[in-house]
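Fold and geometry: a report
Given next are the chains, with one letter for each unit.
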Amino acid sequence: MIEKKIVGEKAVEFVKDGMTVGLGTGSTVYYTIIKLGQLMKEGLTIKGVPTSVETEKLAIECGIPLANIKEIDQIDVAIDGADEVDSQLNLMKGGGGALLREKIIARAAKKFIVVADPAKIVNHLGAFPLPIEVVPFGVEMTNEQIRLLGAETKIRYSNGNPYQSDNGNYIIDAKFPNILNPVTLEQKLNMIPGVVENGLFNQMANAVITLNAEKSVVIK
Ligand code: 5RP
C-alpha cells in the first residue's frame, strides 16, 4: 500500500546518526526499517531495538545492528505503527500481537513517533477490537472479567491453536462499543488479574505521521 510506504519512509527524518532506535512491528514500520537499512549503507550509524521476533529478523536482514536490551540506558526514538489513532493522539495497537514489547520500548523512548496511513485516523478509538495480552493460565476467567467491562471478546487463534505472543502469552481481542475514555479503560483492564498489558497507548505519541485528504504528508 503506497500510503504505508510514504508515511513509513518519512519517519526516518526523526533518526539521527548515533541514535538507538526502537523498531516497531507491522506493515507500515516495515518501510521505515527498510529505509533505515538503505541509509546505513550510505553511512548512517544506528542501533536498533526490535519490538518483536519478526522485526528482529527484518532488522538483521537490513544490516541494522541490534542493541543489547540489557545494556541500553535509553532509546532516543521509537517508531511504530498503530491500528487506530484518535484526535488526542491516543492509540490502539497490537493487531500484530506485539503490543507488550512495543509498549515497553515506546515508554522507554525519549520520543515516540507513530506512522499511520489515513485509514487509521479516527475520532474515537473502538471500531477495531482492542488486543489484550493475557497469561494462558485461567484465560477463560480473565476473558470473563474483560467481558464484564462491556466488551465482546474473542481469544485470538492461529492455525487452530490459541495465538501465542513472542512472550508466550495469549491475546484476547475485545470489541468495546466506543472507547470514550481510553485512560480509564487502560487502567481498569490492567487491574484484572491475568492481564499482562493492553493495546491502549494513551498520551504516549509525540508525533503521528499520516496523510491528509490531498495525500500530502502531515505530522500531527
Ligand atoms: C503490531 C502493531 C502494529 O503497529 C499495528 O497492528 C499496525 O500494523 P500495520 O502497520 O501493519 O497496519 O501494533 O502489534
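As shown above, the structure is provided for reference.
Now for a quick tour of the structure. What you see is a predicted model, and the numbers here were worked out from it, not measured in a lab.

Scoring rules and cut-offs
Residues numbered from 1 in each chain as written. Predicted model: local features only at pLDDT ≥ 70, side-chain atom pairs only at ≥ 80, totals over all residues. Axes fitted to C-alpha atoms, helices over the stretch in contact; angles between N-to-C directions. Helix = DSSP H or I, 4+ residues; strand = E, 2+ residues; numbered from the N terminus. Parallel < 35°, antiparallel > 145°, perpendicular 65-115°, else oblique. Left-handed = near helix turned anticlockwise from the far one by under 90°. Contact = placed C-beta atoms within 7 Å. Nonpolar A, V, L, I, M, F, W, Y, C, P; charged D, E, K, R; others polar. Buried ≥ 20, exposed ≤ 12 C-beta atoms within 10 Å, placed from the backbone.

Following both chains from N to C, one finds helix α1 (residues 2-10) and helix α2 (residues 29-41) inclined at 50°, their axes separated by 7 Å at the closest point. Compared by their axis directions, α1 and α2 come out oblique. For the pair α1 and α2, the sense of crossing is right-handed. Contacts between α1 and α2 involve Lys 4, Lys 5, Gly 8 and Glu 9 on the former and, on the latter, Val 29, Tyr 30, Tyr 31, Thr 32 and Lys 35. Taken together, the residues that form the contact of α1 with α2 break down as three nonpolar, two polar and four charged.

Before going further, it helps to spend a moment on the environment of Val 15. Looking at where Val 15 falls in the secondary structure, it is placed in the loop between α1 and β1 (20-23). Judged by local crowding, Val 15 falls into the partly exposed class, with 19 C-beta atoms found within 10 Å. Considering only alpha carbons, one finds Val 15 and Pro 118, 103 residues apart in sequence, at a separation of 23 Å.

Shape descriptors only; they carry no functional weight alone.
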